[in-house]
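Residue-level listing of the chains:
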Amino acid sequence: EYILRVGQNEVVGDLEGITILATGLDTGYIIASDQGRSQFIVLDRKTPHQYIGSFAVQGANNTDGVDVANYPFGKRFADGILACHTDYDAEVRAMV
């Protein structure tokens, strides 16, 4: 079963990275990278996976991968992190 298709909910294409931000046993969000727009699509984790919105990460272009964790990574990332790939720059960046 498809939960997201190109041409639906602003998706341009090349859906490559996908991750789940769990907020409970069966609640949370599905985050998918839309490489065609260099943005991320957010869906509800629960069926029927309602479209919630999209967002961009400055400096992340043509992203292939994404992952998210909602637990602390020290003081700087106390609420968690979202990590994504970019083909724009080989420099590793941390954005808060």
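Anyway, here's the lowdown on the structure attached to this text. As the structure is a prediction and not an experimental result, all values here were calculated from the model. Residue positions are counted from 1 within each chain, in the order its sequence is given. Totals for whole chains, interfaces and linings use every residue, but because this is a predicted model, local features are given only for residues with pLDDT of at least 70 and side-chain atom pairs only at 80 or more, for both listing and counting. Side-chain descriptors were evaluated using all non-hydrogen atoms of the structure, hydrogens and water having been removed beforehand.

What follows covers the overall build of the chain. Segments assigned H or I by DSSP are reported as helices when at least four residues long, segments assigned E as strands when at least two residues long, and all are numbered from the N terminus. In terms of helices and strands, the chain carries zero helices and six strands. Secondary structure elements of the chain occur, N-terminal to C-terminal, as β-β-β-β-β-β. Dimensions of the chain along its principal axes, counting C-alpha atoms only, are 35 × 35 × 15 Å. Think of it in three bands: residues with accessible area under 20% of the maximum for their type are buried, residues over 50% are exposed, and the middle band is partly exposed, with areas taken using a 1.4 Å probe on protein chains only. By residue count, 29% of the 96 residues in the chain fall in the buried class. We call two residues contacting when some pair of their heavy atoms lies within 4.5 Å. Within the chain, contacts between residues separated by at least 24 positions form 31% of all contacts whose residues are at least 6 apart in sequence. Here the chain has roughly 6,300 Å² of accessible surface; of this, 50% comes from carbon and sulfur atoms. By the counting scheme adopted, Arg and Lys are positive, Glu and Asp are negative, and His together with the chain ends is not counted. Working definition for charges: the position is that of NZ of Lys, CZ of Arg, CG of Asp or CD of Glu. Between the mean site of the 7 positive side-chain charges and the mean site of the 13 negative ones, the chain shows a separation of 7 Å. To measure how exposed things are, a 1.4 Å probe is used in the Shrake-Rupley method; for residues, cover is taken only from the protein chains shown.

Here is the rule: rings of Phe, Tyr and Trp (six-membered ring for Trp) pair when centre to centre is within 6.5 Å. Planes less than 30 degrees apart are stacked, more than 60 are edge-to-face, and the remainder are tilted. Applying the stated criterion to the full structure yields two aromatic pairs. Ring geometry for Phe-40 versus Phe-55: centroids 5.3 Å apart, planes at 25°, classification stacked. Here the residue Phe-40 occupies a position in strand E3 (residues 39–44), and Phe-55 occupies one in strand E4 (residues 51–55), the gap between them amounting to 15 residues. Measuring from centroid to centroid gives 5.3 Å for Tyr-71 and Phe-73, while their planes differ by 25°, and the two rings are stacked.

Bringing a negative patch on the surface into the picture now. Patch membership requires more than 30% relative accessible area and the absence of a salt bridge. Residues of like charge join within 9 Å; the nonpolar side chains Val, Leu, Ile, Met, Phe, Trp and Tyr join within 5 Å. Salt bridges are identified by distance alone: a Lys or Arg side-chain nitrogen within 4 Å of an Asp or Glu carboxyl oxygen. A surface patch of negative charge is lined by Asp-14, Glu-16, Asp-64 and Asp-87. Residue placement: Asp-87 occurs in the segment after strand E6 (81–84).

By nonpolar core is meant a set of buried Ala, Val, Leu, Ile, Met, Phe, Trp, Tyr and Cys residues that side-chain atoms within 4.5 Å join together. By size, the foremost hydrophobic cluster in this structure holds seven residues: Leu-21, Ile-31, Phe-40, Val-57, Ala-60, Val-66 and Val-68. Ignoring sequence-local partners within four residues, the contact set of Phe-40 consists of Ile-31, Ala-32, Ser-33, Gly-53, Ser-54, Phe-55, Val-57, Thr-63, Val-66 and Cys-84. Membership of the second largest hydrophobic core comes to six residues, among which are Leu-4, Ile-30, Ala-32 and Leu-43.

This part takes up unusual backbone geometry. The amide bond that connects Thr-47 to the next residue, Pro-48, takes the cis arrangement and shows omega of 15°. Within the fold, Pro-48 resides in the loop between E3 and E4. Its identity as a non-glycine residue notwithstanding, Ser-38 has a phi of 55°, on the positive side. As for its position among the elements, Ser-38 is in the loop between strand E2 (28–34) and E3. Its identity is not glycine, yet His-49 carries a phi of approximately 60°, on the positive side. On the basis of relative accessible area, His-49 is assigned to the buried category, the value being 15%.

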